[in-house]
Amino acid sequence: MRVALVAPVRPRCGIADYTRALLPWLRGHTRVELIPSDDETGRVDYRALGERVNAADVGHVQYEHGFFLQDDDPAGNFDAFMQAVRVPVLITLHCLPLDDPRWVRHLHAPQVGCLVHSRHHEAAVRAHEVAGALVAVPHPLPPRVPSTLTAEEFRRIHDLLGTRVLSIFGFIKAHKGYDLAVDAIGALPDDVVLLLAGGPQDARDELTLATLRARAARLGIAERIRVTGYLAEGDVGAAMRATDLVLAPFTTTTASGSLATALAWERPVLASALPQHREIQDAYGCVTLFDQTCPGSLAPAVRALLDEASRHETLRTAARAMRERCTFEALGRTCVDLYARLADGGQDRKSTRLNSSHT
């Protein structure tokens, strides 16, 4: 089977990394052509992009607003793309574009299938009467790349020696709840620091970081905030191993590559009690949750978890079990099965879950 995979290819992009991890498993069972959804010129002809998909038996789109954002009209651009496509299409939804009828109408075609990474988002998509196959699987945990540094070397480089490190991993995005984390640092012992294990991806992220630094300065804790900047693959493991506790105090999320990375490295994680995080906790028990809607709730949750070494080991064991099951190989098998179903007609008005953790 020939598959046209429309996805970003640029460096320093989480969904491009996701695609690169998925590709080897797809290529073991299909003939995949990777078609970039991003363009060096900054301008994309979305109809022409859709026409390229028609050379395959099935298309597969890694969808995120940012890849169809040209002229600030993601729904219109996606509509133009889909109108040009004449073969069945699987859409992996990395965000939920359900507020524009020009987008939603494509869900009503039986030759269009959707893959999401939580039951919460499965329900949101199903509410729009999706006609094709709809599958929910957990976000896979990425493979671990060998570290170029030891945890001790990483701590020395980033002035972390003699501290207890709370990390928020990945690109600095406003939805990750940095204000909650900074406020918590101010209520914790002086040896606890906050490490932003990543950096800004764009101008909006730069503003988020500047706002964060200003907040820390007002609280008198600016010296307890560390920012690494973008981490190369070989530095991620060292950052994780240098971390005492990973924070995921997100205010919103679809599925998080940064959280998946922390779990892949079997770190103890304290996450906001969003529905997607509750699903992970219910299925695997590998995260601890706190109520992000309750002011001041993060600091006591951090204090309790930092001081409970036995709980860390329980979380690591649970994360190891998730890492063994939620793999890109398993995701690849699901995608190949969906390609075959879509090529055969694909109509399935009942949502289907192909991962045992969601049954």
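Located above this text is the structure these notes cover.
The paragraphs below set out a description of the structure included in this document. (Residues numbered from 1 in each chain as written. Predicted model: local features only at pLDDT ≥ 70, side-chain atom pairs only at ≥ 80, totals over all residues. Heavy atoms only, no water.)

### Topic: the environment of Leu-209
With respect to the helices and strands, Leu-209 occurs in helix 8 (residues 203-218). For Leu-209, a relative accessible area of 9% puts it in the buried group. In contact with Leu-209, other than residues within four places in its own chain, are Ile-172, Leu-196, Pro-200 and Val-227. (Helix = DSSP H or I, 4+ residues; strand = E, 2+ residues; numbered from the N terminus. Buried < 20%, exposed > 50% of the residue type's maximum accessible area, 1.4 Å probe, protein only. Contact = heavy atoms within 4.5 Å.)

### Quick word on the pattern of salt bridges
Enumeration over the complete set of coordinates arrives at 25 salt bridges. With a closest N to O distance of 3.2 Å, Arg-2 and Asp-57 form a salt bridge. With Arg-2 in strand 1 (residues 2-7) and Asp-57 in the loop between helix 2 (46-53) and strand 3 (58-63), the pair connects residues that are 55 residues apart, well separated along the chain. With its nearest N and O atoms 2.9 Å apart, the salt bridge here joins Asp-205 to Lys-173. Of the two residues, Asp-205 sits in helix 8 while Lys-173 sits in the loop between strand 7 (164-169) and helix 7 (178-186), which places them 32 residues apart along the sequence. In this pair, the class of Asp-205 matches that of Lys-173, namely buried. (Salt bridge = Lys/Arg side-chain N within 4 Å of Asp/Glu carboxyl O.)

### Notes on unusual backbone geometry
The backbone of Asp-71 shows a phi angle near 60°, a positive value even though the residue is not glycine. Along the chain, the position of Asp-71 falls in the loop between strand 3 and helix 3 (74-84). Its identity is not glycine, yet Asp-72 carries a phi of approximately 55°, on the positive side. Note that Asp-72 resides in the loop between strand 3 and helix 3. Taking relative accessible area as the criterion, Asp-72 reaches 65% and is therefore assigned exposed.

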